[in-house]
Amino acid sequence: MARLNFSTLADLPSEVKQPQYDVNATTTGIVHIGPGAFHRAHQAVYTDLAMAHGGNWRIDGVSMRSKSLKEKLSGQDNLFSLVVLDNEPYTQIIGAMNNVYVLGEDRDAIMASLTAPATHIVTLTITEKGYCLDNQGKLDAAHPDILHDKDFPEEPVSAIGLLVAALKVRKENDASEITIVSCDNLSDNGSKLGAAVVAFAQLLDSELAAWISKNICFPNTMVDSITPATDDALVSQTAAALGVTDEWPIQREAFTQWVVEDKFSGPRPAWDKVGVTFTDDVHLFEKAKLRVLNGTHSTLAYTGTLCGIDTVFEAISKPDMEAFICRLLKEEILPTIDAGDKMDLSAYADDILNRYHNKHIRHLLAQIAWDGSQKLPFRILNTVRDRIKAKASFNLLSVPVAAWILFIAKRQAAGETITDPMAERLLSLAEKHSGDTKALTDAVLNERDVFAELSDNQAFRDTVHGQVEKLSNITPETMAACLGEL
Ligand code: CS2
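The paragraphs below set out a description of the structure included in this document. (Residues numbered from 1 in each chain as written. Predicted model: local features only at pLDDT ≥ 70, side-chain atom pairs only at ≥ 80, totals over all residues. Heavy atoms only, no water.)

### Looking at the pattern of salt bridges
Stated precisely, the cut-off is as follows: Just to be clear on terms, a salt bridge is a Lys or Arg side-chain nitrogen sitting within 4 Å of an Asp or Glu carboxyl oxygen. Classification of residues uses two cut-offs on accessible area relative to the type maximum, computed with a 1.4 Å probe and protein chains only: under 20% is buried, over 50% is exposed, and between them is partly exposed. The helix and strand labels rest on DSSP assignments: H or I over at least four residues marks a helix, E over at least two residues marks a strand, and numbering proceeds from the N terminus.
Tallied over the entire structure, the rule returns 23 salt bridges. With a closest N to O distance of 3.9 Å, Glu261 and Lys263 form a salt bridge. The class of Glu261 is buried, set by a relative accessible area of 14%. For Arg461, the salt bridge is made with Asp442, and the minimal N-O distance between the two is 3.0 Å. Placement of the pair is Arg461 in helix α20 (residues 458–471) and Asp442 in helix α18 (residues 437–445), with a sequence separation of 19 residues. Residues joined by salt bridges that share partners form a network here, namely Lys67, Lys70, Glu105 and Asp106.

### Side note on the sheet that holds strand β4 (residues 90–94)
Inclusion rule: A pair of strands counts as paired when DSSP detects no fewer than two bridges linking them. Note on geometry: axes are C-alpha line fits, over the in-contact stretch for helices, and angles between N-to-C directions span 0 to 180 degrees. A contact between two residues is defined here by any heavy atoms of the two lying within 4.5 Å.
The strand order β4-β3-β9 describes an open sheet built from three strands, whose pairing is mixed. Only two strands of the sheet have a single partner each, and these edge strands are β4 and β9 (250–252). Direction aside, the axes of adjacent strands within the sheet are offset by 25 degrees on average. As judged from the five bridges shared by strand β3 (residues 80–84) and β4, these two strands associate in the antiparallel manner. Bridge pairing links Val84 to Tyr90 in β4. Across the sheet, helix α9 (residues 232–242) is in contact with β3, β4 and β9; its angle to β3 comes to roughly 100 degrees.

### Points about the site of the ligand
Convention followed: The nearness test applies per residue and asks whether one of its heavy atoms lies within 4 Å of the molecule or strand. Polar contact criterion, stated in full: a pair of N or O atoms within 3.5 Å, where within protein one must be able to donate a hydrogen and the other to accept it, and residues adjacent in sequence count only if both atoms are side-chain atoms. All accessible-area figures derive from a Shrake-Rupley calculation using a 1.4 Å probe, and residue coverage is judged against the displayed protein chains alone.
Asn185, Asp224, Ser225, Lys289, Leu293, Asn294, His297, His363, Ile368, Lys375 and Arg379 make up every residue found near the ligand. Contacts to the ligand include Lys289, whose side-chain N or O atom sits 2.5 Å from an oxygen atom. Here an oxygen atom of the ligand and a side-chain polar atom of Asn294 are 3.0 Å apart. Here the ligand loses 89% of its free accessible area of 340 Å² to cover by the protein chains. The greatest single-element share of the shell around the ligand, amounting to four residues, is contributed by helix α10 (residues 283–306).

Right, dumping it as structure tokens:
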């Protein structure tokens, strides 16, 4: 079968949406660090649509480690398919990706792209761990990648180091019209990124740090679209629909939202014309999304996995599981969000639960369960902190924490690993305390990189212990009774 590329675009079925601009005549204006599935399903799509309104905003993707995206897309002119799986499905060819680089082999090209005067935006989806932050959200100067980049600033291995190396050149060239936009699920993502970049620059050159602080904007954002990882079924389904092979199509739900703080140090694509919300304050959108969607996602991921469930749809389709999620939202999550008249939180939560009921999306709980040590602080623990401040219960919020601990224990006992920057540490604790969930719970709760001051909160510790005990015998058969007791 022929491959998706510029020469086969004309042969695609008429119902397949295509770029509404001259892709070949459009040049790079954005560098994206971490071009994984979510970037290609979200920012790249908005940017592709925005280019119909003009401007050179194609994207040079920079993979920090993996070569697979470059290898897969290079054979198809960096085109790829967005497959929207919902009640009204459609497929859209995205032409926004101009080049795909890998840090280990394309360093010169990457620096040329980052420092080009025509590059006015850097976006990032590097996941929580990519920011090299400590448990207070500040740059961890002892992080191995930061230590490396401090010693070898011209050969950075971290996104932070790469940005500083590029900004150093841009300062020398007086090319300050560039905005750096975090698109990851962490609170105050832009502010934290900017502070980390300035802190790292300060380690090298205080004048550069001052220049960055003065000239470069790091807007906060909220990003949202459920984007399951690409699987072989999607590749086959897409080939059948297109009549050509796309080696890395992307799938997502129809819903997509991007809220961006209106704070830019240079030009930007016509994102506002294609549904992106610009606002002076992202915080309500960010807090609601991280706690209502991502907090319940992680709860489903760990409790569902303990009950032998594979996908979000299957989990939320269990009446007892959905009833528990509704209780968690109503009793302990929504009360921590002060939306005033700006947002109908109850309707917002209902919409998210409806999105979970999308039977066309096979969103694996195993994917959501990745990186729990990095995700839980933003999705669950900050909510616990607000409940403690309010002298309110956090019994239900302790359930995903307890389920995460049991998830680690279960994976270690089965001789399986977990995907998490702290995997080695957490699995070693599970091995050391094998068969003793009380001791393992104490040991995990002592991990200050995850729990910070909550490690010292006896009421929190006791509550988590209590939920671990209740959940430790949960099975598919006992799920209803177990969740009903919580
Ligand atoms: C998910 C998110 O994998 C996960 O941790 O909770 O990727 C989630 O699908 C997105 O944030 C939805 O916008």
